[in-house]
Amino acid sequence: MNTGQIISGAGHLALISWALFGGVFRSDPPPFEVVEATTISTEEFAALLARQSAPEAVANVDTPEPPAPGDAAPPLASTPDTPPESTPPPAQETAPPDSAPDVTEITPPAPAEVTDTAPVLEPPQEDVAVVVPEVSPRPKPRPAPRVAPEAVAPPEPDVRIDEVAQPEVAPDEGAEVPQEPAEATAQEEAATEIVTEAEESKDTAPTSSLRPKPRPSRPVAQAETPKPAETPKPATTETPKPAAPATDQSAVNDALAAALGTSQNTNTAPSGPPLTSGEKDALRVAVQQCWNVGSLSTEALGTTVVVSVRMGEDGKPDNGSIRMDSFSGGGDAAARQAFEAARRAIIRCGANGFNLPPEKYDQWRDIEMTFNPESMRIK
Amino acid sequence: MMRFMMTLLAALTLWAMPALAQGNGPLRIEITEGVIEPMPFAVPDFVSDSAAGQELGRNIASVIAADLTGTGLFRQIPNSAHISRITSFDSPVQYADWRAINAQALITGAVSTDGAGRIVAKFRIYDVFSGQELGAGQQLVGTQDGWRRIAHKVADQVYSRITGEGGYFDSRVVFVAESGPKDQRAKRLGIMDYDGANVQYLTDSTSIVLAPRFSPTGDRVLYTSYETGFPRIYVLDVASVGRRELPTQDATMSFAPRFSPNGRTVVYSLTQGGNTDLYTMDIGTGASSRLTTAPSIETAPSYSPDGSQIVFESDRSGTPQLYIMAAGDGEARRISFGEGRYGTPVWSPRGDLVAFTKQSKGRFHIGVMRTDGSEERLLTASFLDEGPTWAPNGRVIMFTRETQGEQGQASLYSVDITGRNLKQVPTSTGASDPSWSPLQN
Amino acid sequence: MTYLSKTLILCAGLALAACTNPNRFDDGNAVDLNNGAGAGLAGSAQDPSSPAYFQQTVGDRVLFAVDQSTLGSEAQVTLDGQANWLMTNRDFTAVIEGHADEQGTREYNLALGARRANAVQEYLIGRGVSPNRLRVVSYGKERPIEICSNEACYAKNRRAVTVLAAGLGS
């Protein structure tokens, strides 16, 4: 068994175990994704889960999408030269090609000369030995033509691509309310961030030294993002958890709403209690699935727009009521494009009605949505 | 503890007041996560009342579709999937039919020919889901031969209207066309549309030519040629293909020229006594002045869009790195600090970024960084990538990629500055050293 | 193996390689005589005053390390030979071509090739060759002599070649 076979064997073993157990690691959310997760309390998370697990058969049934498999799944960006594994590490300057043959000349006497020539046989450069791919701390996101908050594995070939993943619904004889049959849909394959060719090939780079990170890590950027709508920062002191403004705010909101319930109810119409953060999150998630910033200019990607919309009781937006209240961070033109993308998101994902509690209609009749693309800009 | 309670109380009061005041105001949510995916669009054939016009209408629509799809920001919904047909430019659009196939943008158009070689094209852009026309319809007039330019101009309008980014389709690229084996490679200057169509050659291949660079108005090209046996800089008029040598010093080599943004000055490298430094020359008078005097190599200069600064490559630190200096004086500050060697910096037309070639661990990359050197981002990786050039809108970079080994060939590639949408630019021969023109008028 | 025999073999190999592509450069005003050796003793490698002798026996090129333009001891031996030959055969001028391997940008390699050619020129001048008989030019990575993409070829491409031309015309 020669060295080549050993290395090859080790490599294969590593590859196989990665294929077998890689999924385990992958299910751990990558570090920077945690930011979103920590803002949700277990209770809210449970609410979210409950909401999502309920099959929403009605959504999107009436939008038959053309199959067009070629279009729906654009080929992965694999260029002829991407498999860098095959490229041997560049030969180093220092090894003169004729140093090895010289060894034969050592056999004749001249011991003094042997010591002279021996140093010529330099130990192999450390680069040369590194054939084993770098063990990356977590599986790298694979490049996909779509970038979304959650990574989506390539869907089954015969599944229709849709904004919202939904299970197949077959007509159920015994059900009290007959459900409409619906074809199963899946979200299009997506990565959580843009993977450039340079980043893709990083895995195979020799481990000898760390490549400098090309950009600041996202959590920092997010933490710095000012949340425009909130004033009372100190509210977070209530909880020992480190700043997680958005949902802490709504948690506090809920608690206070309960405490102040009487006084608030006196000056409002029969509106039911305010939306829980779970309900609000569900709405947020529903809208963000259709908020496509992929065709926005870099300036529009730096523009936050506040959009208001009046909702119908059926949970569908009144498309004519959608308007831009304000914008910041970019010029008029950029704001217009940013607004149009936001409007498309509301209309497209609201076409079948958002899942909002009807008994609280007054609470969500008017919605003001702030579309802040800050964290999308450098994906 | 007391203090904590007070703070909490104050906070609660502060919070409660606006909450009470706003009463039953709108529900507020903030959306910070979205998706990045190509926007689906439909562009039915442009309608026409003549058979010849219909063919033209089909061709124009397909070039528009290719332009938009080629950005990676859009995805065409094929005509076969369309439910309603556009038969008249002025009849109302059946939005529901387009929504049903998830076309988010719709481009309709009409084309007519006057029989005298002129064509008139009209087009409209619709936001299907909001049921609105995006901007007013427009009309373009051009020659029959120039139908591709008309299509590019329509696509530029659509791209610009939807993304907010300036267009770049109606532009040209000057490059070095290559043929023959690596050790006897024949090179000549070529010019083509940005998408590889309409290739013309500007020189023959009797001498090596290198690195052509467009003037800011796209009417002239600077390049380096060995026609005297020594590398010298020439300026070529694109329309007449006439050229003249830049009057640099005798017994020197001059190369790596670029225009200043006003088109009157050329910055270049001149080698004398083995030492390469930066010089500028007034292209009208031929008067030159020396910018750097270091014993190190100073080359690959590129002006900032306002003409006040120059970014260049120098090995004064021991390895090639990027530096920025004021256009008039020699004080330079280093901006590249990553691991590896940096070269051929090019200032983006927007002024915010510098594109460069980076060599690290035996591979080459095209990357971008801010002009202070921060936020370095590598966009590509291959055996040999080099010589980036910016699209007129500063959103896309084209560069040379050369393959490895004895059969190695050079070709042109482009990539979005996000690192997405890496693809080869079609050329009929080998190609290198692209330079992207500004948008044509 | 002695230096001399190594050098001889190297030179012979390179000479053969060079023979595969006559007129490979576009020297407008320099007559490239190195490859033009015709029949007969006068032009052959046995004639010590022939360009072929200069090319094959003296050695017309020196090699450099990566990114370097300094002349090693082997290169100096070759250049001493070149200087002696040029001092003896005063009818010839020479253009020194600097080259680089393909690792590096086009512009930087042009400048690097110029450094190498200049190092040779200065050495020859230091050995008594008149400066007005020598010109330098850099081809950067435009004209590799070996076309593979590994160090074996790169080493041969990082070179400065002294190309003879007749007369003091240029």
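Residues numbered from 1 in each chain as written. Chains lettered and ligands numbered in written order. Predicted model: local features only at pLDDT ≥ 70, side-chain atom pairs only at ≥ 80, totals over all residues.

- Per an unreviewed UniProt entry, the recorded name for chain B is Tol-Pal system protein TolB, and the organism is Roseovarius mucosus DSM 17069.
- According to the UniProt record, the Function (unreviewed entry) comment for chain B reads "Part of the Tol-Pal system, which plays a role in outer membrane invagination during cell division and is important for maintaining outer membrane integrity."
- Taken from UniProt, the Subunit (unreviewed entry) comment for chain B reads in full: "The Tol-Pal system is composed of five core proteins: the inner membrane proteins TolA, TolQ and TolR, the periplasmic protein TolB and the outer membrane protein Pal. They form a network linking the inner and outer membranes and the peptidoglycan layer." (UniProt positions renumbered as here; feature names shortened; annotations may be inferred.)

- An unreviewed UniProt entry lists chain A under the name Cell division and transport-associated protein TolA, with Roseovarius mucosus DSM 17069 as the source organism.

### Some points on the overall build of chain A
Line of reasoning, step 1. Each helix and strand counted, chain A has 13 helices and five strands in total.
Line of reasoning, step 2. In chain A, which comprises 379 residues, the share counted as buried stands at 28%. (Helix = DSSP H or I, 4+ residues; strand = E, 2+ residues; numbered from the N terminus. Buried ≥ 20, exposed ≤ 12 C-beta atoms within 10 Å, placed from the backbone.)

### Thoughts on the overall build of chain B
Line of reasoning, step 1. Across its full length, chain B holds four helices and 31 strands.
Line of reasoning, step 2. By residue count, 52% of the 441 residues in chain B fall in the buried class.
Line of reasoning, step 3. Long-range pairs, those at least 24 residues apart, make up 43% of the contacts in chain B between residues at least 6 apart in sequence. (Contact = placed C-beta atoms within 7 Å.)

### Quick word on the packing of helix α2 (residues 51-70) of chain B against helix α4 (residues 147-163) of chain B
Residues and elements named next belong to chain B.
Line of reasoning, step 1. Close contact between α2 and α4 brings their axes to 8 Å; oriented N to C, the two are set at 45°. Put simply, α2 runs oblique to α4. The interaxial crossing formed by α2 with α4 has right-handed handedness. Residues L56, N59, I60, V63, I64, D67 and L68 of α2 form the contact with α4, whose own contacting residues are W147, R148, I150, A151, H152, V154, A155, V158 and Y159.
Line of reasoning, step 2. Partitioned by chemical class, the residues of the contact of α2 with α4 number 12 nonpolar, two polar and two charged. (Axes fitted to C-alpha atoms, helices over the stretch in contact; angles between N-to-C directions. Parallel < 35°, antiparallel > 145°, perpendicular 65-115°, else oblique. Left-handed = near helix turned anticlockwise from the far one by under 90°. Nonpolar A, V, L, I, M, F, W, Y, C, P; charged D, E, K, R; others polar.)

### Things to note about the confidence of the model for chain B
Residues and elements named next belong to chain B.
Line of reasoning, step 1. Summarising the model, chain B shows a mean pLDDT of 91, and 94% of its residues fall at 70 or more.
Line of reasoning, step 2. Low pLDDT, under 50, characterises residues 8-23; the predicted model gives this stretch 14 contacts beyond four residues in sequence or across chains.
Line of reasoning, step 3. As scored by the predictor, the complex reaches a pTM of 0.72 and an ipTM of 0.89. (pLDDT = per-residue confidence, 0-100.)

### Thoughts on the nonpolar core
Line of reasoning, step 1. Of all hydrophobic cores here, the largest spans 190 residues; its most connected members are A338(A), A342(A) and I64(B).
Line of reasoning, step 2. For this core, the two domains that each supply at least three residues are domain 1 (39-163) and domain 2 (172-436) of chain B. (Core = buried A, V, L, I, M, F, W, Y, C linked by C-beta atoms within 7 Å. Domains from an automatic or database assignment.)

### Concerning the sheet that holds strand β3 (residues 304-310) of chain A
Line of reasoning, step 1. Pairing in this open sheet of four strands is mixed, and the strands run β4(A)-β3(A)-β5(A)-β1(B) from one edge to the other. Each end of this open sheet is capped by a strand with a single partner; those strands are β4 (323-328) of chain A together with β1 (27-31) of chain B. Pairwise comparison of adjacent strand axes, ignoring direction, gives a mean angle of 20° for this sheet.
Line of reasoning, step 2. Bridge count for β3(A) against strand β5 (residues 366-371) of chain A is six bridges, and the pairing is antiparallel. When the bridges of β5(A) are listed, V309(A) appears paired with I367(A).
Line of reasoning, step 3. Here helix α11 (residues 277-288) of chain A sits on the sheet in contact with β5 of chain A together with β1 of chain B, set at roughly 50° to β1(B). (Pairing = 2+ DSSP bridges.)

### Structural notes on the pairing of strand β2 (residues 92-99) of chain C
Residue and element names in this part refer to chain C.
Line of reasoning, step 1. Counting buried residues along β2, seven of its eight residues qualify, which places the element largely inside the surrounding structure.
Line of reasoning, step 2. Across seven bridges, the pairing between β2 and strand β4 (residues 159-166) is antiparallel. When the sheet's bridge partners are listed, G98 is paired in β4 with A160.
Line of reasoning, step 3. Relative to strand β3 (residues 134-140), β2 is paired through six bridges, and the arrangement is parallel. For A94, the partnering residue across the bridge sits in β3 and is L134.
Line of reasoning, step 4. Read as a crossover between parallel neighbours, the route from β2 over helix α4 (residues 106-126) to β3 is right-handed. (Right-handed = clockwise from strand over helix to strand, strands pointing away.)

### Focus: unusual backbone geometry
Residue and element names in this part refer to chain B.
Line of reasoning, step 1. With phi around 50°, K361 is a residue other than glycine that occupies positive phi space.
Line of reasoning, step 2. Checked against the element boundaries, K361 lands in the loop between β24 (353-360) and β25 (363-370).
Line of reasoning, step 3. The exposure class assigned to K361 is partly exposed, which follows from the 15 C-beta atoms found within 10 Å.
Line of reasoning, step 4. Phi at N421 is positive, roughly 60°, even though this residue is not glycine.
Line of reasoning, step 5. Here N421 lies in the loop between β29 (410-416) and β30 (423-425).
Line of reasoning, step 6. Overall, N421 belongs to the partly exposed group, with 18 C-beta atoms counted inside 10 Å.

### Some thoughts on helix α12 (residues 332-350) of chain A
Line of reasoning, step 1. Relative to the 27 Å expected for 19 residues at 1.5 Å per residue, α12(A) spans 26 Å between its end C-alpha atoms, a close match to the ideal helical length.
Line of reasoning, step 2. Counting buried residues along α12(A), 17 of its 19 residues qualify, which places the element largely inside the surrounding structure. (Expected span 1.5 Å × (residues − 1).)

### Details of α4(B)
All names here are of chain B.
Line of reasoning, step 1. Its 17 residues place the ends of α4 24 Å apart at the C-alpha level, agreeing with the 24 Å of an ideal helix rising 1.5 Å per residue.
Line of reasoning, step 2. By the criterion of burial, α4 is predominantly enclosed, with 13 of the 17 residues buried.
Line of reasoning, step 3. Downstream of α4 by one or two residues, G164 has phi in the positive range, about 85°.

### Topic: the domain arrangement of chain B
Residues and elements named next belong to chain B.
Line of reasoning, step 1. Per the domain assignment, the segments of chain B are domain 1 (39-163) and domain 2 (172-436).
Line of reasoning, step 2. Using only C-alpha atoms to locate each centre, domain 1 and domain 2 end up separated by 36 Å.
Line of reasoning, step 3. On the side of domain 2, six residues touch domain 1, which itself brings five residues to the contact.
Line of reasoning, step 4. Of the residues belonging to the side of domain 1 that touches domain 2, the class tally is one nonpolar, three polar and one charged.

### So, the environment of G190(B)
All names here are of chain B.
Line of reasoning, step 1. Mapped onto the elements, G190 comes out in strand β9 (residues 186-193).
Line of reasoning, step 2. Overall, the presence of 23 C-beta atoms within 10 Å leaves G190 in the buried class.
Line of reasoning, step 3. In this structure, the C-alpha to C-alpha distance between G190 and D204, residues 14 residues apart in sequence, is 9.5 Å.
Line of reasoning, step 4. When near neighbours in sequence (up to four residues on either side) are disregarded, G190 contacts F175, A177, V199, Q200, Y201 and L202.

### Description of the sheet that holds strand β11 (residues 209-214) of chain B
All names here are of chain B.
Line of reasoning, step 1. Pairing is antiparallel in the open sheet, where four strands are placed in the order β11-β12-β13-β14. Looking at which strands have only one partner, the edges of the open sheet turn out to be β11 and β14 (243-245). Direction aside, the axes of adjacent strands within the sheet are offset by 25° on average.
Line of reasoning, step 2. Where β11 and strand β12 (residues 220-225) come together, four bridges link them in antiparallel fashion. By the bridge assignment, L210 is partnered in β12 with T224.

### Considering the packing of helix α2 (residues 51-59) of chain C against helix α3 (residues 73-88) of chain C
Residue and element names in this part refer to chain C.
Line of reasoning, step 1. Running from amino to carboxyl end, α2 crosses α3 at an angle of 150°, the nearest separation of the two axes being 9 Å. Taken together, the axes of α2 and α3 are roughly antiparallel relative to one another. When the axes of α2 and α3 are compared, the crossing they make is right-handed. For the pair α2 and α3, the contacting residues are F54, V58 and G59 in the first and T78, G81, Q82 and W85 in the second.
Line of reasoning, step 2. For the contact of α2 with α3, the per-class residue count stands at three nonpolar, four polar and no charged.

### A closer look at the UniProt feature "domain: TolB N-terminal" (unreviewed entry) in chain B
Line of reasoning, step 1. In this numbering, the UniProt entry assigns the feature "domain: TolB N-terminal" (unreviewed entry) to residues 27-134 of chain B.
Line of reasoning, step 2. Counting secondary structure, residues 27-134 of chain B comes out at 24% helix and 31% strand; the distance between its end C-alpha atoms is 29 Å.

### A look at the pairing of β25(B)
The side chains of a regular strand alternate, residue by residue, between the two faces of the sheet.
All names here are of chain B.
Line of reasoning, step 1. Counting buried positions along β25 gives seven out of eight residues, so the element sits mostly inside the fold.
Line of reasoning, step 2. Here eight bridges tie β24 to β25, and the two strands are oriented antiparallel to one another. For L353, the partnering residue across the bridge sits in β25 and is R370.
Line of reasoning, step 3. Count of turn residues in the β24/β25 antiparallel hairpin: two residues, of which K361 carries a positive phi of about 50°.
Line of reasoning, step 4. With two bridges joining them, β25 and strand β26 (residues 377-378) adopt antiparallel strand pairing. Of the residues in β26, the one forming a bridge with G367 is L378.

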